[in-house]
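Below are the chains, spelled out letter by letter.
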Amino acid sequence: MTTELLLAFVAFAFVTSITPGPNNMMLLASGVNFGLRRSLPHMLGISLGFMVLIICVGLGLGQLFEQLPVLYTLLRYLGAAYLLYLAWKIARSGAPDSTGGERGKPFTLLQAAAFQWVNPKAWVMAIGAIATYTPQENFLINVLLIAALFAVVGGPCVGLWTVAGSLLRNWLRNATVLRVFNVGMAVLLVISLYPILADLKGVL
C-alpha cells in the first residue's frame, strides 16, 4: 500500500467513523443513560466486530454478495428491522423505574460485535474499504492492515460520541428531559434508515 493510498484510506476511515450512524447514535444514548465506564464494552465490541466484518468481506463475502445480491438485500432489510427494534428500546430506556433504578442495560461486547453484521452503514464502510483501498498485491496482508487501521482510527471516533453522551448525563438528570432525549435519539436512528426504508417502499 502506497503512502498516498494509506492517507486516503485514513481519511475515509475517519470520516465514516466520526459521522452520525447507528453505532454513534446508540453510543451517544448509552453514554447518557449508563455513563462512559459501563459503555466501554459497547465501544470495544464495535471495534472488534467491525474488524472481523472487514476481514470476512476481504476473504470473499463481498464477492458472494455480488453473485447473490438477494442475500445482501435480505441482510439490509433484516438489519433495518433490528435497528427499528433498537430505536424502540432506546426510546423507552433511561427513565427511572418505580424503584429509582435505570431501565435497560448497556450493550455487552458480544452484542455490539454481533450488531455490526446487521448494521447497514458498517457493511457499506467494509465493502467500500475493501473495494477501493485494498491493493491486490499482498491482498491478505492489506486486508488485515485495513481492519487494524479501521480499529485504530475508528475507536477514538466512536469513543467521542460516548464521551459526549456521558458529559450530557449531568444535564439530563430530569426524567422527563431524559425521556425526550431518548426519543430524539430513537428518531435519529430511524432517520438514518431512510434510504433502506425508501427502497423497501419501492419494492412494496
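Residues numbered from 1 in each chain as written. Predicted model: local features only at pLDDT ≥ 70, side-chain atom pairs only at ≥ 80, totals over all residues. Heavy atoms only, no water.

You'll find the chain entered in an unreviewed UniProt entry as Threonine/homoserine/homoserine lactone efflux protein, with Pseudomonas straminea given as the organism. Its UniProt record gives the chain the following Subcellular location (unreviewed entry) comment, quoted word for word: "Cell membrane". (UniProt positions renumbered as here; feature names shortened; annotations may be inferred.)

Enquirer: What's the story with the overall build of the chain in this structure? I'm lost.
Expert: When helices and strands are tallied, the chain shows eight helices and zero strands. Listing each helix as α and each strand as β along the chain from the N terminus yields α-α-α-α-α-α-α-α. Long-range contacts, defined as pairs at least 24 residues apart, comprise 84% of the intrachain contacts of the chain with a sequence gap of at least 6. Taken as a whole, the chain presents about 10,800 Å² of accessible surface, with 71% of it coming from carbon and sulfur. (Helix = DSSP H or I, 4+ residues; strand = E, 2+ residues; numbered from the N terminus. Contact = heavy atoms within 4.5 Å. Areas by Shrake-Rupley, 256 points an atom, 1.4 Å probe, with all protein chains shown as cover.)

Enquirer: Explain helix H5 (residues 120–133) here, please?
Expert: Each turn of an α-helix holds 3.6 residues, which means side chains three or four residues apart point in the same direction. The terminal C-alpha atoms of H5, which comprises 14 residues, lie 19 Å apart, in line with the 20 Å expected from a rise of 1.5 Å per residue. Among the residues making up H5, those that are buried are Pro 120, Ala 122, Trp 123, Met 125, Ala 126, Gly 128, Ala 129, Ile 130 and Tyr 133. (Expected span 1.5 Å × (residues − 1). Buried < 20%, exposed > 50% of the residue type's maximum accessible area, 1.4 Å probe, protein only.)

Enquirer: Help me out: how do you make sense of the nonpolar core in this one?
Expert: Counting 20 residues, the largest nonpolar core has Met 26, Leu 27, Leu 86, Phe 107, Phe 115, Phe 181 and Met 185 as its most contacted members. For this core, the secondary-structure elements that each account for two or more residues are helix H2 (22–67), helix H3 (69–92), helix H4 (109–115), helix H6 (139–168) and helix H7 (175–191). If you tally residues by element for this core, the top one is H2, at eight residues. Setting aside its immediate chain neighbours within four residues, Phe 107 contacts Met 26, Pro 41, His 42, Tyr 82, Leu 86, Ala 112 and Phe 115. Counting residues in hydrophobic clusters, the runner-up holds 19 residues, among them Phe 50, Leu 53, Ile 146 and Ala 147. (Core = buried A, V, L, I, M, F, W, Y, C linked by side-chain atoms within 4.5 Å.)

Enquirer: Got a minute to help me understand a nonpolar patch on the surface in this structure?
Expert: A contiguous nonpolar surface patch, about 260 Å² in accessible area, is contributed by Met 1, Leu 6, Val 10 and Leu 145. Here Val 10 is to be found in helix H1 (residues 3–18). (Patch = residues over 30% accessible without salt bridge, like charges linked within 9 Å, V, L, I, M, F, W, Y side chains within 5 Å. Salt bridge = Lys/Arg side-chain N within 4 Å of Asp/Glu carboxyl O.)

Enquirer: Looking at this structure, I do not really get the side chain of Ser 47. What am I missing?
Expert: Its location among the elements puts Ser 47 in helix H2. Judged by relative accessible area, Ser 47 falls into the buried class, the value being 17%. Those residues in contact with Ser 47 that sit more than four places away from it in its chain are Ala 151 and Gly 155.

Enquirer: What is the right way to read the packing of aromatic side chains from this model?
Expert: Counted under the stated rule, the structure contains eight aromatic pairs. Taken together, Phe 9, Phe 12, Phe 50, Tyr 133 and Phe 150 form an aromatic cluster joined through their ring pairs. (Phe/Tyr/Trp six-rings, centres within 6.5 Å; stacked < 30°, edge-to-face > 60°.)

Enquirer: Explanation requested: the confidence of the model for the chain in the structure shown.
Expert: Atom-level detail of predicted coordinates should not be read off regions where pLDDT is low. Residues of the chain with pLDDT of at least 70 account for 81%, and the chain-wide mean is 80. Per-residue pLDDT stays below 50 along residues 95–101; that stretch engages in seven contacts with residues further than four places along the chain or on separate chains. (pLDDT = per-residue confidence, 0-100.)

Enquirer: Is there a simple way to explain the packing of H1 against H6 in this structure?
Expert: Two packed helices can be described by the angle between their axes and the distance between those axes. Look at H1 against H6: their axes get within 8 Å of each other, and the N-to-C directions meet at 35°. Classified by chirality, the crossing of H6 by H1 is right-handed. Mapping the contact onto sequence places Leu 6, Phe 9, Val 10, Phe 12, Ala 13, Phe 14, Thr 16, Ser 17 and Ile 18 in H1 and Ile 146, Leu 149, Phe 150, Val 153, Gly 154, Cys 157, Val 158, Leu 160 and Trp 161 in H6. Across the contact of H1 with H6, the residue classes tally to 15 nonpolar, three polar and no charged. (Axes fitted to C-alpha atoms, helices over the stretch in contact; angles between N-to-C directions. Left-handed = near helix turned anticlockwise from the far one by under 90°. Nonpolar A, V, L, I, M, F, W, Y, C, P; charged D, E, K, R; others polar.)

Enquirer: Is there a simple way to explain the packing of H1 against H5 in this structure?
Expert: At their nearest, the axes of H1 and H5 sit 11 Å apart, and the two run at 175° to each other. Judged by the angle between their axes, H1 and H5 are roughly antiparallel. Taken together, the residues of H5 that come into contact with H1 (itself represented by Leu 5, Ala 8, Phe 9, Phe 12, Thr 16 and Ser 17) are Lys 121, Met 125, Gly 128, Ala 129, Thr 132 and Tyr 133. Among the residues forming the contact of H1 with H5, the class breakdown is seven nonpolar, four polar and one charged. (Parallel < 35°, antiparallel > 145°, perpendicular 65-115°, else oblique.)

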